[in-house]
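# Coordinate analysis (summary)
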Amino acid sequence: MSEQITSKSAAAIDRAHREGRAALIGYLPAGYPDLQSTIDAGIAMARNGADLIEIGIPYSDPVMDGPVIQAATTEAIANGFRVASVFDVVRGITEATDVAVLVMTYWNPVVRMGVDEFSRRLAEAGGAGLITPDLIPDEASEWFAASDKYGLDRVFLVAPSSSPERLAMTVEASRGFVYAVSIMGVTGARAAVSSSAEQLVANTHAAGAKRVCVGLGVSNASHVREIASYADGVIVGSALVAAIRDGGVDAVGQLTKELSVGLQKPAAAATTQEEA
Amino acid sequence: MVRLMVDAQAASTGENAAEAFLQGGASLRHAPGPYFGSYGGRWMPESLIAALDELEDTFEKAKADPEFIAQLHELNKNYSGRPSLLTEAKRFSEHAGGARIFLKREDLNHTGSHKINNVLGQALLAKRMGKTRVIAETGAGQHGVASATAAALLGLECVVYMGAEDCRRQALNVARMQLLGATVIPVTNGSQTLKDAINDALRDWVTNVHDTHYLLGTAAGAHPFPAMVRFFHEVIGEEARAQILEQTGRLPDAVCACIGGGSNAIGIFHGFLDDPSVKIFGFEAGGEGVETGRHAATITLGRPGVLHGARSYLMQDEDGQTIESHSISAGLDYPGVGPEHSYLADIGRVSYQPVTDAEAMDAFRLLCRTEGIIPAIESSHALAGALRVGRSLTEGKENPADTIVIVNLSGRGDKDVQTAAEWFDMLDENGQVKGTTLSTRKPKGPQGSAADSSEVQK
């Protein structure tokens, strides 16, 4: 992992570690139901225990997303969402809080704006970096250059299907943290956390990653508690999107608070788990 | 229109580049991927990379395995009916300035289109990988029917994703797939057409990749799909080249094909890419006219982007959101295009031009009435283009019959009869073919009334 650039995401995760817990990362798509709500909900997440926030760019062809996020992003686009407004959302949250704000985006909107231009504007807005679900390091040369130039984090994904060679290569390419996909599938709530997640986190750590966060299918405090016992951070998406859909900004704050309870656990237990 | 002229200029300078490329001795055939110039690659979630690696590995080994090649050849010959014919369209030719038009008869293959070439190859690979389930996307239903056919033949479970709007437009093909034992899942996301069916197929694949092969239907998507799908369709161009040499003693002046994702086109083009004297034309769906915005002319008016795993020309708005395409032909109604076509366009080896719905339907009717062949509406775009190319190449020529043009007749039009009947105003206000509802006899007995009452219950 390249560390010569100060990583905002890494700093946020390390701050949580110093408090003896894993980091909580919350996702919401920009512009759902409107831009101001996304900003307000981001602030509510930050004030209720989230350490990092992912703001998604609604995209016409979200192949890694399940029904809840698809429905939200489709509605945001139908309501006139424009890609450049994601920078306003990032700025609105970073100005009001001290959380790290990452943008999660499919790659074509970045290509269309220009990778350098997009990166420049994201850095200017105070953003920490990008999570790129359909960009693998093999295709990311432009993004390497721009993220180095503007000091942005590069969060690539690893999956249970990733080979040891690809794990090593992806860890090397990432900055901030590595996003471990808990299960083979798309985003959305699931009854239980996949057992493949723990092994993947262990393998990714063994491949040299300092920080590995787990996402996909994490929807309640019990999931958070389970994952927090072996990962550096826990990522929650669809459950928060369902919360803003059904109960607005207040419900997002409430759910974040409940989820963050899952992070609080005896430090001794955490140590045992990590050593195991 | 200005843009089109600029493009034509770029193409003509590019043509020199392509000729220089050929004279330099480098071949344009058998490009292995993952990149075709700056196009192609793997713009895909990490979760699927292992499956793509496995597929690439299996495909490379199979290609070099005489047993696999023999198996494929046997199926092509004794199941699909290859080689497909090359038919001279003498009466149709009269409308092309007198150029001799030859039709590569992919419409005569089993299941009625070129699609069978690719599905048999990929289904064999799925078996080699030990996968028990195949999934596919389909627009008009041709690829879905072909996939269901190959799955039935080889004993694989088959699930086909089809836009809900396309299910409505092509209900008969839904029934065909079901008769063949496939499950058809109507896709209600997004525009409910082909691109959304691909999205849902990818979501299925990422979830079930351990036992499932994604049988992608066109020469697009992430590596190795573009090069692999082309490989299975190269037989079209190889046969056509040998057949025209046999029938006329020389190479054609031009080869024409229609372009959606571009699989039939890349298959026939491939036979002629290294023949500098052969002009090659790809005809995209111009829909209601490229100036209306309602079209699927991806290379003509799109710009490079990434979608469904490859960098290629793409119909997109200023934000990089995919634009909905429009075409009377469901099979060409796709806002992307295979990456090798983007490359061949940029270097000027192939000229890509739009053909409108109206031009395609005129050519559709003309072929019906001059040759006794009902073509697919997709292929009718290539026919319309060939009329244009024939007229232009014979202009001012003393003996127009010296000009030879091959058209890839990629599919038959049985599936399009309903669309054509609507287009040519053959239906009454109830959607029945005019003149077919005059019978005064009552439907017979209990069967008739049972059918009636079940209609009412719906």
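Residues numbered from 1 in each chain as written. Chains lettered and ligands numbered in written order. Predicted model: local features only at pLDDT ≥ 70, side-chain atom pairs only at ≥ 80, totals over all residues. Heavy atoms only, no water.

## Some details on the sheet that holds strand S5 (residues 133-138) of chain B
All names here are of chain B.
- Reading across the sheet, the four strands line up as S7-S6-S5-S8 and stay open at both edges, with parallel pairing between neighbours. Lying at the two open borders of the sheet, with one neighbouring strand each, are strand S7 (183-187) and strand S8 (212-214). Strand-to-strand twist across the sheet, computed as the mean angle between neighbouring axes with direction ignored, equals 25 degrees.
- As paired strands, S5 and strand S6 (residues 157-163) are joined by six bridges and run parallel to one another. Paired with alanine 136 across the two strands is valine 160, which belongs to S6. (Pairing = 2+ DSSP bridges. Helix = DSSP H or I, 4+ residues; strand = E, 2+ residues; numbered from the N terminus. Axes fitted to C-alpha atoms, helices over the stretch in contact; angles between N-to-C directions.)

## Regarding the pattern of salt bridges
- Using the criterion set out here, one finds 43 salt bridges over all chains in the structure.
- For the salt bridge of arginine 168 of chain B with glutamate 165 of chain B, the shortest nitrogen-to-oxygen distance reads 2.8 Å. Taken together, the positions of arginine 168 of chain B and glutamate 165 of chain B, both in helix H7 (residues 164-169) and three residues apart, correspond to about one turn of that helix.
- Residues arginine 203 of chain B and aspartate 200 of chain B are paired through a salt bridge, measuring 2.6 Å at the closest nitrogen-oxygen approach. Taken as a pair, arginine 203 of chain B and aspartate 200 of chain B lie in helix H9 (residues 194-208) at a separation of three residues, close to a single helical turn.
- What emerges from the salt-bridge pattern is a single network uniting Glu117, Arg120, Arg121 and Glu124 of chain A. (Salt bridge = Lys/Arg side-chain N within 4 Å of Asp/Glu carboxyl O.)

## Thoughts on the confidence of the model for chain B
Residue and element names in this part refer to chain B.
- Averaged over chain B, the pLDDT score is 92; the fraction of residues at 70 or greater is 91%.
- Between residues 1-14, whose pLDDT stays under 50, and residues either more than four places distant or in other chains, the model counts nine contacts.
- In this model, residues 448-458 is a region of pLDDT below 50 whose contacts with residues beyond four sequence positions or in other chains number one contact.
- Overall fold confidence (pTM) sits at 0.92, and the ipTM for the predicted complex is 0.93. (pLDDT = per-residue confidence, 0-100. Contact = heavy atoms within 4.5 Å.)

## Quick notes on the side chain of glutamate 46 of chain B
- Position of glutamate 46 of chain B among the secondary structure elements: in the loop between strand S2 (39-43) and helix H2 (49-63).
- Glutamate 46 of chain B gets classed as buried once you look at its relative accessible area, which sits at 4%.
- What glutamate 46 of chain B contacts, discounting residues up to four positions off in sequence, is Pro133, Ile136, Leu157, Val158, Ala159, Ser161, Ser162 and Arg166 of chain A. (Buried < 20%, exposed > 50% of the residue type's maximum accessible area, 1.4 Å probe, protein only.)

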